[in-house]
Amino acid sequence: MKTLRLLLGDQLNPEHSWFKTVREDVVYVMAEMRQETDYAPHHIQKVVAFFAAMRHFAKERIADGHRVRYYELNDPENPQTLPKLVEKNLKEAGCDCFEYLLPDEFRLDQQLKAICQELRIPARAYDTEHFYTPREALEEHFRGKKQMVMESFYRMMRKKHGVLYDHGEPTGGTWNYDAQNRKKWKGSPPIPEITPPHQEDLGPILRQIQESGIRTIGRIDLRNFHWTITTEEARTLLAEFCETLLPYFGDYQDAMHTDEKTLFHSRLSFAMNSKLISPREVVETVETYYYNHPDTVHISQAEGFIRQILGWREYMRGIYWKEMPAYAQRNSLHNENPLPDFYWTGQTKMNCLKKTIDQSLESAYAHHIQRLMITGNFALLTQVHPDEVDQWYLGIYADAIEWVQLPNTRGMSQFADGGIVGTKPYVSSANYIRKMSNYCQACAYDPDQKTGAGACPFNALYWNFLDAKKQELQANPRMGMMYRLLEKKDKKEMDALRERAAAIIANPDAF
Ligand SMILES: Cc1cc2nc3c(=O)[nH]c(=O)nc-3n(C[C@H](O)[C@H](O)[C@H](O)COP(=O)(O)OP(=O)(O)OC[C@H]3O[C@@H](n4cnc5c(N)ncnc54)[C@H](O)[C@@H]3O)c2cc1C
Ligand code: SF4
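Here is what the cut-offs are and how they apply
- Residues numbered from 1 in each chain as written.
- Chains lettered and ligands numbered in written order.
- Predicted model: local features only at pLDDT ≥ 70, side-chain atom pairs only at ≥ 80, totals over all residues.
- Heavy atoms only, no water.
- Helix = DSSP H or I, 4+ residues; strand = E, 2+ residues; numbered from the N terminus.
- Buried < 20%, exposed > 50% of the residue type's maximum accessible area, 1.4 Å probe, protein only.
- 1 Å grid on protein atoms, 1.4 Å probe; cavity = no way out; pocket = protein on both sides within 12 Å on 5 of 7 lines; lining within 4 Å.
- Points joined across faces, edges and corners; volume = space filled by probe spheres on them.
- Nonpolar A, V, L, I, M, F, W, Y, C, P; charged D, E, K, R; others polar.
- Near = heavy atom within 4 Å.
- Polar contact = N/O pair within 3.5 Å; in protein donor to acceptor, adjacent residues only side chain to side chain.
- Areas by Shrake-Rupley, 256 points an atom, 1.4 Å probe, with all protein chains shown as cover.
- Pairing = 2+ DSSP bridges.
- Axes fitted to C-alpha atoms, helices over the stretch in contact; angles between N-to-C directions.
- Contact = heavy atoms within 4.5 Å.
- Core = buried A, V, L, I, M, F, W, Y, C linked by side-chain atoms within 4.5 Å.
- Parallel < 35°, antiparallel > 145°, perpendicular 65-115°, else oblique.
- Sits in = over half its atoms within 2 Å of the grid points.
- Right-handed = clockwise from strand over helix to strand, strands pointing away.

Draft legend 1. Just unusual backbone geometry, in detail. Pro 189 follows Ser 188 through a cis peptide bond whose omega is 0 degrees. Its place among the elements puts Pro 189 in the loop between strand S8 (169–170) and helix H7 (203–212). At the junction of Met 324 and Pro 325, the peptide bond is cis and its omega measures out at 5 degrees in the coordinates. On the secondary structure map, Pro 325 appears in the loop between helix H11 (299–323) and helix H12 (351–363). In the Ramachandran plot, His 334 falls in the positive-phi region, its phi being about 55 degrees despite a non-glycine side chain. As for its placement among the helices and strands, His 334 is situated in the loop between H11 and H12. Residue His 334 is classed as exposed on the basis of its relative accessible area, which comes to 52%.

Structural data, given as structure tokens:
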């Protein structure tokens, strides 16, 4: 039997058991397809990063002796869709067996199942050997429970995998150091320059994308292209992260600053999401570094980082597979407004939004709190339809793949899932943004004012949101304090807040 094995663009796991032996009877197929570039407007850096990583991966496998048929984007032979790609290559390579790795996206999972149903030859799916947990992990852990709280899943993962777990106790005596991870960054400690990860000329890939007419968003400067596109580069970045950024990661995890877009964050998400590096390798490297460097890395820094990967990343994947496909339609707060145009341009006087969006357009990157408490917060406060919010997040970040983007956006950020991921909506007035960043210092608006032309828009929007969503949120026990404060507002003040919020929502691009 001769086998055709399909590899998708985010299945670049060099450690996969498929590659342990070179087999003459196996042909691998990979393709840069329009079906993947055109289903959402992606950031140009995201497209370049994926294609560059795929080409490298194919070259490495060929160098190891594997047979790989690779289609570049503008190859006239490129079928551009998955069904045609499989059909053509089965025929051309004379294969009588088809194998693929389980995709992480529901859309592709359905498409591949449909392809296999049409085939008249044996077809089989294999695990990607990337995640700690299978798709059904959450289902199993929370069976019979009403709420699926991340912390419970995370503790189970720490115990099960023996991560930061000594003699039946969490290392350091505490499971979670989140409360210590809320420092504002004021210019020190200094943030070391991280070496750009690679020297390769990505010009030819960029030109091919531009010539193809694919609609992309954002900007690209190849001299400052910082996405890792090989496993080796990802390992170098991880090692540098441990040495220079990990010692402060937890402390400044929630901080934001106009001069520093990545602060102490790792920028490993693209490498992990494309599977160039495994979450296990990242977690084990950080854990070992922590044990070997007790003088420089406190448990709160290591735990804060490991929680994001062993906890949040695996948990989000579990939510996705448990709740799809209905999850992608959820709109529990009945939000219907369009996304403001400035999300695509950065042209707004609100400094926090301007800086976060400009940075996203320039680098295809924003860290978690910028995504959650700046762009996500404003979209929720202005009651934007979650479909529009999803489209933006799915396109703009290099690490955006639906299985992780959707539960973060629709769930954690927009509360459109009605509280599956988060126990309450992440909304705030200017207070939080001022506390955690320096954005307000150079803003056209006054964070202390609630109404009037110069008042920070977040303030009126915040109270207006609570008022408008009373029916959906008032009974939420975690919202009790906010609603008690809302009740104390007199009618005159509330009318003024509602009026200003209505003006902002009607024309957010004027603010
Ligand atoms: C609205 C919104 C949308 C998001 N969309 C995506 C997305 O499309 N793709 C994506 O990978 N992450 C997404 N996240 C999570 C998080 O913002 C990014 O993983 C992180 O900013 C990537 O930067 P980093 O690698 O420097 O992360 P670090 O801060 O260094 O964290 C280390 C790693 O932890 C993982 N991680 C951290 N937080 C989360 C989380 N909430 N869910 C899953 N993994 C997490 C990531 O793999 C990340 O690389 C989103 C968050 C929000 C609030
Ligand atoms: S004042 Fe308001 S709009 Fe301006 S940066 Fe602060 S929070 Fe953002």
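Having seen it, we continue.
Draft legend 2. View of empty space enclosed by the protein. Taken as a whole and judged by the stated rule, the model has 3 cavities of 30 Å³ or more. There is about 360 Å³ of room inside the largest cavity. Around the largest cavity sit 19 residues that line it, and Gly 9, Asp 10, Glu 36, Tyr 39 and Phe 50 are the ones nearest its centre. Secondary-structure elements contributing two or more residues to the lining of the largest cavity are helix H1 (34–37) and helix H2 (44–63). Per element, the largest residue contribution to the lining of the largest cavity is 5 residues, and it comes from H2. Counted by class, the lining of the largest cavity contains 11 nonpolar, 3 polar and 5 charged residues. The space that makes up the second largest cavity amounts to roughly 100 Å³. Around the second largest cavity, the lining comprises 13 residues; the ones closest to its centre are Cys 352, Cys 440, Cys 443, Cys 456 and Phe 458. Mapped onto the lining of the second largest cavity, the elements with two or more residues apiece are H12, helix H16 (430–436) and helix H17 (457–468).

Draft legend 3. Structural detail: the site of ligand 1. Close to ligand 1 lie 29 residues; His 265, Ser 266, Arg 267, Tyr 365 and Asn 408 are nearest. Here a nitrogen atom of ligand 1 and a side-chain polar atom of Gln 308 are 3.4 Å apart. Here ligand 1 loses 99% of its free accessible area of 820 Å² to cover by the protein chains. Within the residue set of the shell around ligand 1, elements represented by two or more residues are helix H9 (269–273), H11, helix H13 (368–381) and helix H15 (402–413). In terms of residue count, the dominant contributor to the shell around ligand 1 is H11 (6 residues). A class-by-class count of the residues in the shell around ligand 1 yields 14 nonpolar, 11 polar and 4 charged.

Draft legend 4. Region of the structure containing the sheet that holds strand S1 (residues 3–6). With parallel pairing, 5 strands are arranged side by side in an open sheet as S4-S2-S1-S5-S6. Edge positions in the sheet fall to strand S4 (67–71) and strand S6 (123–126), since each of these pairs with one other strand and no more. The mean angle between the axes of side-by-side strands here comes to 25 degrees, regardless of whether they run parallel or antiparallel. Alignment of strand S5 (residues 97–101) against S6, held across 4 bridges, turns out to be parallel. Residue pairing across strands places Glu 99 opposite Arg 124, the latter belonging to S6. Of the strands in this sheet, S1, S5 and S6 are in contact with helix H4 (residues 106–118), which crosses S5 at around 170 degrees.

Draft legend 5. Structural view of the environment of Asp 448. Within the fold, Asp 448 resides in the loop between H16 and H17. Remark: the alpha-carbon pair of Asp 448 and Arg 267, spanning 181 residues in sequence, is separated by 34 Å. When near neighbours in sequence (up to four residues on either side) are disregarded, Asp 448 contacts Arg 434 and Asn 459. Side-chain polar atoms of Asp 448 contact the side chain of Arg 434, separated by 2.9 Å.

Draft legend 6. Quick peek at the nonpolar core. Tyr 315 and Leu 353 are the most contacted members of the largest nonpolar core, which totals 148 residues. Not counting chain neighbours up to four residues away, the residues in contact with Leu 353 comprise Phe 342, Tyr 343, Thr 348, Asp 358, Ile 374, Thr 375, Phe 378 and Phe 458. Core analysis: the next-biggest nonpolar cluster, separate from the first, contains 20 residues, Met 33, Tyr 71, Leu 85 and Cys 116 among them.

Draft legend 7. Local environment of the packing of helix H6 (residues 150–161) against H11. At a minimum axis distance of 9 Å, the contact between H6 and H11 shows a crossing angle of 110 degrees. Judged by the angle between their axes, H6 and H11 are roughly perpendicular. Residues Met 150, Phe 153, Tyr 154, Met 157 and Arg 158 of H6 pack against Glu 303, Arg 307, Leu 310, Gly 311, Trp 312, Glu 314 and Tyr 315 of H11. Here the residues of the contact of H6 with H11 sort into 7 nonpolar, 1 polar and 4 charged.

Draft legend 8. Structural detail: the site of ligand 2. For ligand 2, the full set of nearby residues is Met 350, Asn 351, Cys 352, Ala 430, Ile 433, Tyr 439, Cys 440, Cys 443, Tyr 445, Pro 447, Cys 456 and Phe 458. Of all the cavities here, the one that holds ligand 2 is the second largest cavity. The class makeup of the residues in the shell around ligand 2 is 11 nonpolar, 1 polar and no charged.

Draft legend 9. Molecular detail of the pairing of S5. Within S5, 5 of the 5 residues are buried, which leaves the element mostly enclosed by the surrounding structure. By the bridge criterion, 4 bridges tie S1 to S5 in an arrangement that is parallel. Within the sheet, the bridge partner assigned to Thr 3 lies in S5 and is Cys 97. Read as a crossover between parallel neighbours, the route from S5 over H4 to S6 is right-handed.

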